[in-house]
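Notes for the structure review
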Amino acid sequence: MYIPSTSSLLLLLVSLTISSISTTSEAAAPGPSADFLKCLKPLGSSKVLTAKDTAYQQQRYAFDLRYTYQPSVIIMAKSVADVQTAVKCAAAAKIAVAPRSGGHSFEGYSIGGQDGSMVLDLTAMNSVKVKGDKATVGAGIRLGKLYLDLFNQGGYTINAGTCPSVGIGGHALGGGFGLLSRKYGLLVDRIVEIEMVNAKGEVVKASTSTNPDLFFSLRGAGGGSFGVVTSFTILPFKAATKATSFSYEWKINDYAAVLKAYTAYQSKASRDMGVEMNVGPSGLELYGIFQGTKADQAKALAPFLNAAPKPHQNDVREGRQIDAQLRFAFVEGGKEGDINGLSLKSPFRAGDSHYTKGKSIVYPSALKDSTIALLGKWGAKKPSGSTANYIIVDLWGGAVQDTAVDATSFIHRNAHTVFEFVVEWDQSAKPKPGKADCKDCLKWMNDMYAEFLADYKSAGYGGSLRGYQNYIDAEIPNWQDAYYGSAMTRLKKTKAAVDPTNVFRFPQSIPL
Ligand SMILES: Cc1cc2nc3c(=O)[nH]c(=O)nc-3n(C[C@H](O)[C@H](O)[C@H](O)COP(=O)(O)OP(=O)(O)OC[C@H]3O[C@@H](n4cnc5c(N)ncnc54)[C@H](O)[C@@H]3O)c2cc1C
């Protein structure tokens, strides 16, 4: 029987307490003042949603329907000028501003993470213009549409995550890891200029030569803390002519041999190999995209496959990079294999869950046996009420390490492996927001995480605990250090310079 230590019990208690207050009741929050609404009037009534509007009731929920905060107003911005007007009004009214791109924040921070914020929705600002070797991208675009638009404008792509409904705003500003990251780095590493509206409502640009402190801060810690990013200038690229997507499966009982081979493979894997492993009650699944032919993929994966038990299932397909992106986008509706599905325009829709809790740990070196044992133990358990629970074990390394640790505020450059712990419940087609939490799901998550934290300390990984800020977690111990470490001093300096009155604030924003 597992007997938790006093420190893990304490952590669990703190976690459960924060969990229970992190979602809000449905009692009405105070509405916006008359002066605030008067100030917003030039935007036109269709762009300013208050609690009286039907559209407000549709727009006030996060991707994760656990969160039902009540924003003061929701601004459906259509232009940079709209953003400027709205920010000036919120700053004058002392209302917190929460920019929203794809709305996938794990803690509902793009609806404020608290009642009474002004949500600045950027969905309509989703254009992509490729010119020369650069692309200017609106900060409200979702990754699926971004892949599709880049492909349609000259066969380009970009290195980012697989989920088509995630927005570029939060994703890029927190790093952005995907199946091309071992070859091209993080999404943030391909950004050369950022346009942002600051707390005074001014449009500012940031690059290595203009506002370098701001550019440093936005690239890793930029989500919601410094201003509203309105567009990114990125360096897209052409993927290999042939890309091979693949998946292999094992029974959960094989976990020890599979995961030992997997963690040893990290240092041998070619940069053309992007790979992740899911560990859950239904087994282990390795999936990824290789930049090259099926024959070359087989050679490149051989060091792992030869060291692991034989998978009971595999599915390897050679095609275009865009087809591989569609395969792992898990789009529902419409014609199978139609790359337009990435746009998520009707009849296509994202097939992801809406009730979920996530946590993360960043590991600086190959996994120790004790950590692999925990993956097997907790991966095999299925909390009652969950529709899915798994641990994603991402192999990092390669080009992620090419950028110096102090060049951006993304500090996890030395990551060997990153875990994302996920539990989901209620995957009905039209789930209602604000339902009671699945208690057993959260217990699975909290008990498991406490054991992984204890193991992190005792197994000799060294250094402080690190977590990935894109899997933001209100309960991670010492979040400022875990997410931003040595970058915090420069981040606070930037915050004081660009947002001295803390207009851009939420429970885990960079403090003054
Ligand atoms: C289903 C799913 C799959 C995922 N897959 C991956 C993956 O493969 N790789 C990976 O690295 N991450 C992944 N993530 C994590 C994802 O990158 C983060 O949740 C990210 O923050 C989401 O960005 P968003 O714009 O959709 O979210 P939002 O909720 O809109 O924003 C997140 C945060 O950024 C801020 N923000 C958003 N837009 C702006 C802006 N324009 N200016 C300033 N601040 C802004 C918000 O205020 C909020 O604090 C995944 C998440 C989910 C839910």
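These figures come from a predicted structure and were not determined experimentally.

**A word on the site of the ligand**
Every one of the 33 residues lining the ligand counts as a neighbour, but P99, G103, S110, F177 and Y468 are closest to it. Separating an oxygen atom of the ligand from a backbone N or O atom of S105 is a distance of 2.8 Å. Contacts to the ligand include H171, whose side-chain N or O atom sits 2.8 Å from an oxygen atom. When isolated, the ligand has an accessible area of 960 Å², and the protein chains bury 92% of it. Among the elements of the structure, β3 (97-100), α6 (168-173) and β9 (228-234) are those that each provide at least two residues to the shell around the ligand. With four residues, the top contributor of residues to the shell around the ligand is α6. Of the residues contributing to the shell around the ligand, the split by class is 14 nonpolar, 18 polar and one charged.

**Describing the sheet that holds strand β10 (residues 243-250)**
Pairing within the open sheet is antiparallel, and its seven strands lie in the order β13-β10-β12-β11-β17-β18-β16. Looking at which strands have only one partner, the edges of the open sheet turn out to be β13 (313-319) and β16 (355-363). Taken pair by pair, the neighbouring strands of this sheet meet at an average axis angle of 15 degrees, ignoring direction. Two strands pair when backbone bridges link them, and strand β11 (residues 273-280) and strand β17 (residues 388-395) are joined in this way by four bridges, in the antiparallel orientation.

**Examining the UniProt feature "domain: FAD-binding PCMH-type" (unreviewed entry) in the protein**
Per the UniProt record, the feature "domain: FAD-binding PCMH-type" (unreviewed entry) sits at residues 67-239. Helix makes up 25% of residues 67-239 and strand makes up 23%, while its end C-alpha atoms are separated by 38 Å.

**A short note on the nonpolar core**
Grouped together as the largest cluster of nonpolar side chains are 138 residues, with contacts concentrated most on M118, L120, F232, M277, L286, F304 and F452. Of the residues forming this core, the biggest block, nine residues, is contributed by helix α13 (residues 439-458). When neighbours within four sequence positions are excluded, F232 is seen to be in contact with A135, T136, V137, A139, I168, G169, A172, L173, I191, E193 and I194. Counting ten residues, the second largest nonpolar core, distinct from the first, contains Y287, A324, Y390 and I392.

**Focus on the sheet that holds β3**
Working definition: the strands of a sheet are paired by backbone hydrogen bonds and lie parallel or antiparallel to each other. In space, the four strands of this open sheet follow the order β1-β2-β4-β3, with mixed pairing throughout. With one partner strand each, in any of the chains shown, β1 (48-49) and β3 form the two edges of the open sheet. Summarising the sheet, β3 and strand β4 (residues 118-121) pair through four bridges and their orientation is parallel. From the neighbouring strand, P99 faces β4, where its bridge partner is L120. Sheet contacts for helix α4 (residues 80-93): β2 (73-76), β3 and β4; angle to β4, the most-contacted strand, approximately 170 degrees.

**Quick notes on the pairing of strand β6 (residues 134-138)**
Note: strand β5 (residues 128-131) against β6, four bridges, orientation antiparallel. Paired with V128 across the two strands is V137, which belongs to β6. Following β5, the chain reverses through two residues before pairing antiparallel with β6; G132 in that reversal takes a positive phi of roughly 60 degrees. Pairing of β6 with β9, which is carried by four bridges, proceeds in the antiparallel orientation. By the bridge assignment for β9, G138 is matched with S231.

**Some details on the packing of helix α12 (residues 369-380) against α13**
Contact pair α12 / α13: the axes reach a minimum separation of 10 Å and the direction vectors enclose 170 degrees. It follows from the interaxial angle that α12 and α13 lie roughly antiparallel. Along the contact surface, α12 presents S370, T371, L374, L375, K377 and W378, while α13 presents W444, D447, M448, E451, F452 and D455. Counted by class, the contact of α12 with α13 contains six nonpolar, two polar and four charged residues.

**Description of the pattern of salt bridges**
Applying the stated criterion to the full structure yields 29 salt bridges. The closest approach of N and O atoms between D149 and K145, which form a salt bridge, is 2.6 Å. With a gap of four residues between them, D149 and K145 both fall in helix α5 (residues 143-152), about one helical turn apart. Using a relative accessible area of 15% as the deciding quantity, one classes D149 as buried. Taking the relative accessible area as the measure of exposure, K145 reaches 23% and is therefore partly exposed. Here K377 and E451 are joined by a salt bridge, their closest N and O atoms 3.0 Å apart. Of this pair, K377 sits in helix α12 while E451 sits in helix α13, placing them 74 residues apart in sequence. For K377, a relative accessible area of 33% puts it in the partly exposed group. The exposure class of E451 is buried, given its relative accessible area of 7%.

**Focus on the side chain of Q321**
You can see Q321 is positioned in helix α11 (residues 321-327). With a relative accessible area of 6%, Q321 lands in the buried category.

**Notes on the packing of helix α9 (residues 255-265) against helix α10 (residues 294-305)**
Taken N-terminus to C-terminus, the directions of α9 and α10 make an angle of 125 degrees; their axes are 8 Å apart at the nearest point. As the angle between them shows, α9 and α10 are arranged oblique. Between α9, through V258, A261, Y262 and Y265, and α10, the contact on the second element is made entirely by A300, L301, P303 and F304. The class makeup of the residues in the contact of α9 with α10 is eight nonpolar, no polar and no charged.

**Details of α10**
Of all the residues in α10, the buried ones are Q297, A300, L301 and F304. For α10, the angular spread of the buried residues around the axis is 85 degrees, confining them to a single face. For α10, the secondary structure elements touched by its buried residues are β10, α9, β11, β12 (283-290) and β13.

Analysis parameters
- Residues numbered from 1 in each chain as written.
- Predicted model: local features only at pLDDT ≥ 70, side-chain atom pairs only at ≥ 80, totals over all residues.
- Heavy atoms only, no water.
- Near = heavy atom within 4 Å.
- Polar contact = N/O pair within 3.5 Å; in protein donor to acceptor, adjacent residues only side chain to side chain.
- Areas by Shrake-Rupley, 256 points an atom, 1.4 Å probe, with all protein chains shown as cover.
- Helix = DSSP H or I, 4+ residues; strand = E, 2+ residues; numbered from the N terminus.
- Nonpolar A, V, L, I, M, F, W, Y, C, P; charged D, E, K, R; others polar.
- Pairing = 2+ DSSP bridges.
- Axes fitted to C-alpha atoms, helices over the stretch in contact; angles between N-to-C directions.
- UniProt positions renumbered as here; feature names shortened; annotations may be inferred.
- Core = buried A, V, L, I, M, F, W, Y, C linked by side-chain atoms within 4.5 Å.
- Buried < 20%, exposed > 50% of the residue type's maximum accessible area, 1.4 Å probe, protein only.
- Contact = heavy atoms within 4.5 Å.
- Parallel < 35°, antiparallel > 145°, perpendicular 65-115°, else oblique.
- Salt bridge = Lys/Arg side-chain N within 4 Å of Asp/Glu carboxyl O.
- Arc of directions from axis to C-beta.

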